[in-house]
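One-letter residues, chain by chain:
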Amino acid sequence: MVGKRVLGIPGVVSLLAWFGLIASAPLLPVMAQPVIGVPHDWQMGFPQSYTPVMDKVAGLHDLLLVIISLISAFVLVLLLYVMWRFHASRNPTPTTVTHNTVLEILWTIVPILILVVIAVPSFRLLYYGDKAQDAAMTIKVTGHQWYWSYEYPDQGNFSVDSRILSEADRAKLKPNEPRMLAVDQEMVIPSNTVVRIIGTAADSMHGWTVWGFGIKKTVIPGRLNEGWINVRNEGYYFGQCSQICGNNHAYMPIAVRVVSQDEFNKWVEQKKKAAGLSPQMEHKTDVASANPPANR
Ligand SMILES: [Cu+2]
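Because the structure is predicted, anything quoted here is derived from the model rather than measured.

Q: Please give an account of the pairing of strand β4 (residues 158–162) that cites residues and values.
A: In this sheet, β4 lies alongside strand β3 (residues 147–152) in antiparallel orientation, the contact comprising five bridges. Residue pairing in the sheet places Glu-151 in a bridge with Ser-159 of β4. The turn linking β3 back onto β4 is made up of five residues, and Gly-156 within it adopts a positive phi angle of 105°.

Spelled out as structure tokens, the structure:
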């Protein structure tokens, strides 16, 4: 009896797991970058910040939290004091005073000053995130019903379509990536590089939003909206369409793969080859772009 149970249930399970691992090992893709930008259990507040814009968004939020907390505490104390001080038992004959000029000027001026204190860093942040300073490259993001496409005009103008993976495909091809967020082809960018994002849409309005990047661009047919990202660490980052755009709005996730500059160059070469962009064609494009049209 003892001999038969020498493995025990945990032993059998681990043995089976090993067989499973060995059998499936060749199928599992090697993921060079870790999955970073995803929501976590019991997360509260903002997602972690991965870009300079998001750092500043979190900073402004912290400032506002202090201001609103002080205002709320002040109003609460004032209310409690009034309830106590002017209770009918302590104040049987109410005063008939209706105006106090100094007080009225004060409660007009002080809120204005508070709003100015809020407005200055708020506008500064809006303009900081609005236009990229010295962007190394541009990516044009187009929202479609219901997938994203990414064009790389500075790298030969190839484009990448990014569609959600079915659950069966995700489990098979990208088991480390979260359900409903994994896509067939991510937007790939180099780390520590200022990337200008220009966004538009092909059909209805969509929202290009990646948690922790501090970017939420509503993309609109017939218009170009601009923003920028500069992601510090290599990894996979995810987001979702944030503009109700129709039937499959929930099924057009945004996945960004941040890689080293070398790896990015390799990926670009691979994509260019796949798109049939020969070096000669690229040369022609360079000459054309060096001579802008006369009406510019
Ligand atoms: Cu959408």
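Q: Hey, could you go over the sheet that holds β4 for me, with residue numbers and the actual values?
A: Taken in spatial order, the five strands line up as β4-β3-β2-β6-β9 in an open sheet, and their pairing is mixed. Each edge of the open sheet is held by one strand with a lone partner, namely β4 and β9 (225–229). Along the sheet, successive strands turn relative to each other by an average axial angle of 25°, direction set aside.

Q: Which residues make up the packing of helix α2 (residues 52–85) against helix α3 (residues 101–130), and what values go with them?
A: Packing of α2 against α3 leaves a shortest axis separation of 10 Å and a crossing angle of 170°. Considering the angle they form, α2 stands roughly antiparallel to α3. Each of Val-53, Lys-56, Val-57, Leu-60, Leu-63, Leu-64 and Ile-67 in α2 lies in contact with α3, whose residues at this interface are Ile-114, Ile-118, Pro-121, Ser-122, Leu-125, Tyr-128 and Gly-129. Of the residues in the contact of α2 with α3, the class split is 11 nonpolar, two polar and one charged.

Q: Outline the confidence of the model for the chain, listing residues and values.
A: Averaged over every residue, the pLDDT of the chain is 86; the share at 70 or more is 83%. Low pLDDT, under 50, characterises residues 1–28; the predicted model gives this stretch four contacts beyond four residues in sequence or across chains. For the stretch residues 283–292, pLDDT sits under 50, and the model shows two contacts to residues farther than four places along the chain or on other chains.

Q: Could you give an account of α2, naming the residues involved and the relevant values?
A: Taking 1.5 Å of rise per residue, 34 residues should cover 50 Å, and α2 covers 50 Å from first to last C-alpha, within 8% of that figure. For α2, a buried count of three out of 34 residues is recorded, marking the element as mostly open to its surroundings. Inspection of α2 places Val-53, Met-54 and Val-57 among the buried residues, and these make up the whole buried set. Buried-residue contacts for α2 involve α3 and β8 (215–219).

Q: Lay out the pairing of strand β10 (residues 235–241) with the relevant residues and their values.
A: A regular strand places its side chains on the two faces of the sheet in alternate fashion. Taking burial as the measure, the seven residues of β10 include six buried ones, the bulk of the element. Here two bridges tie strand β1 (residues 35–37) to β10, and the two strands are oriented parallel to one another. Of the residues in β10, the one forming a bridge with Val-35 is Tyr-236. With five bridges joining them, β10 and strand β11 (residues 254–259) adopt antiparallel strand pairing. Bridging from a neighbouring strand, Phe-238 pairs with Ala-255 of β11.

Q: Before we move on, can you summarise the nonpolar core with the specific residues and values?
A: Grouped together as the largest cluster of nonpolar side chains are 40 residues, with contacts concentrated most on Tyr-237, Ala-255 and Val-256. The residue makeup of this core includes at least three contributed by each of domain 1 (52–92 + 101–130) and domain 2 (137–275). The residues contacting Ala-255, other than those within four sequence positions of it, are Ser-162, Leu-181, Ala-182, Val-183, Glu-186, Met-187, Tyr-236 and Phe-238.

What counts, and where the lines are drawn
Residues numbered from 1 in each chain as written. Predicted model: local features only at pLDDT ≥ 70, side-chain atom pairs only at ≥ 80, totals over all residues. Pairing = 2+ DSSP bridges. Helix = DSSP H or I, 4+ residues; strand = E, 2+ residues; numbered from the N terminus. Axes fitted to C-alpha atoms, helices over the stretch in contact; angles between N-to-C directions. Parallel < 35°, antiparallel > 145°, perpendicular 65-115°, else oblique. Contact = placed C-beta atoms within 7 Å. Nonpolar A, V, L, I, M, F, W, Y, C, P; charged D, E, K, R; others polar. pLDDT = per-residue confidence, 0-100. Expected span 1.5 Å × (residues − 1). Buried ≥ 20, exposed ≤ 12 C-beta atoms within 10 Å, placed from the backbone. Core = buried A, V, L, I, M, F, W, Y, C linked by C-beta atoms within 7 Å. Domains from an automatic or database assignment.

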